[in-house]
Amino acid sequence: MAKLFRHGSLDTESAAELLDRATTLRGGPDRGPRDLVASALLKAARMRARPTFGTNYTWPRTHRFSPRLLPRKTVAVQVRWGIRHAKWIAETWPPHAKRLFRLGDSSQSRSYGERKFDLVLTSPPYLSRLDYVRASFPEIEFMGAIGAAGCEGLRERQIGSLLVSHEDSSRDDLPSKSEFLVKRIRRHRSKGSQSYYSKFVRNYLLGIRKTATKLASACNPRAEAWVVIQDSWYKDLQIRTDVLLEELFGEAGWSVRRKWSFKVPSSLSELAATTHGWRDKSPLEEHVLRFERT
Ligand SMILES: C[S@@+](CC[C@H](N)C(=O)[O-])C[C@H]1O[C@@H](n2cnc3c(N)ncnc32)[C@H](O)[C@@H]1O
């Protein structure tokens, strides 16, 4: 903290260095406390940008501000909050096993390192066109303003990126249920179904399968993967994402052992239903799938 604010206002170079380290695999024994300050910095930036949300929660409107004007006090409050939270976690759930954090793109082998995992707990993006990266705009804009690296190309690299590339991915074969869905969407009579939405869905499914494959290679035999996923709607078509995932994970070397499903009381799809008139209701379920690496 002292180094970050050594001249009274935020030293953007030190802040950029701190965030660079937090978003790469570099780091030493002091990594924990440093990452805590990095995260406090981003939280303070979000507060300073005062994001406001319309109907789409993932598209915040933000106020621009000079990073040098980020108040030291706000960062300090966030650091204190972070320490309190970390202590509470450590006391409530004392670690029983060695844990390792790695940041990376889940569809790339290099993100997993050499060690093999026994357990995967994941909630991949839903097939809902939520733009998770855009939702982090206050933090990303701040990082860009101080010259920190690490955010380039994130939107394109998301599983289910809204930015559909012009590259033709239709030659990559998908398993039959996925292929059937893509065909149904391509033939749907609504605008953009063929030119945009079917490509978006295909890319999403390819992204999930690629991640499932990389996960399988990064895990020990008999490892478990617990996956949380929510159903989705395309206009009047209900998309059973759990069924698609079973098939995609199955191809990648995982067998489903158990599944739990829960009704979702309200969702963004409900909102879209009334807006566009494609359906009366949007019943949705959230699923937890337990896979075993076979
Ligand atoms: C449904 S959210 C789950 C959020 C998570 N449960 C949490 O609490 O942060 C899906 C997350 O997957 C991330 N994601 C999308 N594509 C990814 C990729 N290729 N590699 C790693 N994460 C990705 C999104 O940015 C988003 O944070």
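Residues numbered from 1 in each chain as written. Predicted model: local features only at pLDDT ≥ 70, side-chain atom pairs only at ≥ 80, totals over all residues.

**Side note on the pairing of strand β1 (residues 117-122)**
Within β1, only zero of the six residues are buried, which leaves it mostly out in the open. Looking at chain direction, β1 and strand β2 (residues 219-230) are connected through five bridges and run parallel. Across the sheet, the residue bridging to L121 is W226, located in β2. (Buried ≥ 20, exposed ≤ 12 C-beta atoms within 10 Å, placed from the backbone. Helix = DSSP H or I, 4+ residues; strand = E, 2+ residues; numbered from the N terminus. Pairing = 2+ DSSP bridges.)

**Here's the deal with helix α2 (residues 31-49)**
A rise of 1.5 Å per residue sets the reference length of α2, with its 19 residues, at 27 Å; its end C-alpha atoms lie 27 Å apart and thus fit the reference within 8%. Of all the positions in α2, only V37, A38, A40, L41, L42, A44, A45, R48 and A49 are classed as buried. Just past α2, the residue R50 takes up positive phi, approximately 40°. (Expected span 1.5 Å × (residues − 1).)

**Examining the environment of L119**
On the secondary structure map, L119 appears in strand β1. Residue classification places L119 among the exposed residues on the basis of 11 C-beta atoms within 10 Å. C-alpha separation for the pair L119 and Y196, spaced 77 residues apart in sequence, amounts to 36 Å. Those residues in contact with L119, other than ones at most four positions away along the chain, are A223 and E224. (Contact = placed C-beta atoms within 7 Å.)

**Some thoughts on the packing of helix α7 (residues 176-186) against helix α9 (residues 241-251)**
One can describe the packing of α7 onto α9 by two numbers: an axis separation of 8 Å at closest approach and a directional angle of 135°. It follows from the interaxial angle that α7 and α9 lie oblique. Judged by residue contacts, K177, S178 and L181 of α7 engage V243, L244, E247 and L248 from α9. (Axes fitted to C-alpha atoms, helices over the stretch in contact; angles between N-to-C directions. Parallel < 35°, antiparallel > 145°, perpendicular 65-115°, else oblique.)

Read these as layout, nothing more, since geometry by itself doesn't imply function.
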